[in-house]
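These are the residues of each chain, in order.
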Amino acid sequence: VQPPDPASIRVLRGHQLPITCLVISPDDKFIFSAAKDGFIIKCKSGEVESGKRLCVVPGGKKGTEEQQVGHTAHILCMAVSSDGKYLATGDRNKLIMIWEAATCKHLYKFTGHRDAVSGLSFQKGTHQLYSASHDRSVKVWNVAENAYIETLFGHQDVITGLDSLSRECCVTSGGRDGTVRVWKIPEESQLVFYGHQGSIDCIQLINEEHMVSGADDGSVALWGLTKKKPLALARQAHGTHGSQGLQQPYWISAVAALHNSDLVATGSHSASVRLWKCGEGFRKLEPLFDIPLVGFVNSLKFSAAGDFLVAGLGQEHRLGRWWRIKEAKNSICIIPLKQRAGTADSS
């Protein structure tokens, strides 16, 4: 993969407040984004008409839940089913909303979590939805049947992120409990992994056997599902900030993986997104290059074909208001990824 020409990065504006999450439709044609303003925006991703808004679901004020179709609180997470039929969004108000992805029509509301919904993922090839929450639980739903299936417990702190692929299992990052967990749904069992020092804030599966996570101690870890400790750990992956003697690592606020490849992206508020190559057997993390982007990188997603990377930026971190980066724009950046001439297309 070649470093993109900064002039080729397309910046889409639309949200008033920091973007917290985004997903790309399975056919790579559309981007759905959501923000602290409670709005959901669907726009085109292609070169032609890039950023053209196809639907906007407005957020409402707190207390207007009854009259409001959409969210009345910060949206923290979203997921789209692998057939592109359903979109799920989760908010600080403990609610999960299900939408028809094609039209953005509201279908159902799932209630049951006792705190903010912080992670959502559809099992690939199914309409089974996993949700994670600050109430420390994972819930399983069948979206096509508008049905709740079960609740899984195990984390000792708020769950900050969740992901799944085709297997009937999901992975979660457990914030300050210092664990990453793999939940085997049919067996009702879980595997517990340790390796970061700080709060583990984001996680993504690379393939069915490996995953990547990021923490507020600045570290990025690569895991294999058969080992309890990271296969590779990059400390201070985005460097440090602050004056001499008081340096703090830049928190890792987003990770993404190009599925079934060795390419990983990480985001922070270090004014850049960093791309990494996973070395032989996922035992090394080698930095490739940085893409300059100002603001908190709150969400990162690769297109299925691997030809672009989308970053959701905000003036604030998706989970809080510890700092503000005034010069940042609340925006979505579409970053084209050129492959070096002569490399075979591996997708």
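Computed from a predicted structure; not experimentally measured.

Some details on the packing of aromatic side chains
Line of reasoning, step 1. Enumeration according to the criterion identifies four aromatic pairs in this entry.
Line of reasoning, step 2. Consider the rings of Tyr 108 and Phe 110, whose centres lie 6.1 Å apart with planes at 10°: the pair is stacked. Both residues of the pair, Tyr 108 and Phe 110, count as buried.
Line of reasoning, step 3. Among the aromatic residues, those joined into a ring-pair cluster are Tyr 108, Phe 110, Trp 141 and Tyr 148.
Line of reasoning, step 4. Above the face of the Phe 30 ring, Lys 42 is positioned so that its terminal group lies 4.5 Å from the ring centre.

A few points about the pairing of strand β20 (residues 220-224)
Line of reasoning, step 1. Burial analysis of β20 places five of its five residues in the buried class, which makes it a mostly covered element.
Line of reasoning, step 2. Of the two faces of β20, the one carrying Val 220, Leu 222 and Gly 224 and the one carrying Ala 221 and Trp 223 are both buried.
Line of reasoning, step 3. Taking the residues between adjacent antiparallel strands as the criterion, strand β19 (residues 210-215) and β20 are bridged by four residues, where Gly 218 takes a positive phi near 85°.
Line of reasoning, step 4. By the bridge criterion, three bridges tie β20 to strand β21 (residues 232-234) in an arrangement that is antiparallel.

Digging into the UniProt feature "repeat: WD" (unreviewed entry) in the protein
Line of reasoning, step 1. The UniProt feature table records "repeat: WD" (unreviewed entry) at residues 68-109, 110-151, 152-193 and 193-233.
Line of reasoning, step 2. The span residues 110-151 is 0% helix and 57% strand, and its two end C-alpha atoms sit 13 Å from each other.
Line of reasoning, step 3. Helix makes up 0% of residues 152-193 and strand 52%, with an end-to-end C-alpha separation of 17 Å.

Description of the nonpolar core
Nonpolar side chains in soluble globular proteins tend to end up buried together.
Line of reasoning, step 1. Counting residues in each nonpolar core, the largest one holds 20 residues, and the members touching the most others are Val 273, Leu 275, Leu 300, Phe 302, Leu 309 and Ile 335.
Line of reasoning, step 2. Secondary structure elements with two or more residues in this core: β24 (254-257), β25 (263-267), β26 (272-278), β27 (285-292), β28 (296-302), β29 (308-314) and β30 (331-336).
Line of reasoning, step 3. Other than its neighbours up to four places away in sequence, Leu 300 contacts Ala 254, Val 255, Ala 256, Ala 265, Thr 266, Gly 267, Val 273, Leu 309, Val 310 and Ala 311.
Line of reasoning, step 4. If you look at the next biggest cluster of nonpolar residues, it comprises 17 residues, including Val 255, Cys 278, Phe 282 and Leu 285.

Here is what the cut-offs are and how they apply
Throughout, residues of each chain are indexed from 1 in the direction in which the sequence is written. Only residues with pLDDT of at least 70 are given local features in this predicted model, and only at 80 or more are side-chain atom pairs given and counted; all residues enter the totals for whole chains, interfaces and linings. Excluded from the side-chain calculations are hydrogens and water; all other atoms, namely the structure's heavy atoms, are used. Here a Phe, Tyr or Trp ring, Trp counted by its six-membered ring, pairs with any other such ring whose centre lies within 6.5 Å, and the pair is stacked when the planes are under 30 degrees apart, edge-to-face when over 60, and tilted otherwise. Burial classes: relative accessible area under 20% of the type maximum marks a residue as buried, over 50% as exposed, and values in between as partly exposed (1.4 Å probe, protein chains only). Here, over-ring charges are defined by two tests on the NZ atom of lysine or the CZ atom of arginine: distance to the ring centre within 6 Å, and angle to the ring normal within 35 degrees. The secondary structure listing takes helices from DSSP runs of H or I that are at least 4 residues long and strands from runs of E that are at least 2 residues long, numbered from the N terminus. Strands were regarded as paired on the criterion that DSSP finds at least two bridges between them. UniProt positions are given in the numbering used here, feature names are shortened, and annotations may be inferred rather than shown by experiment. As used in this record, nonpolar core signifies buried Ala, Val, Leu, Ile, Met, Phe, Trp, Tyr and Cys residues forming a set joined through side-chain atoms within 4.5 Å. We call two residues in contact when some of their heavy atoms are within 4.5 Å.

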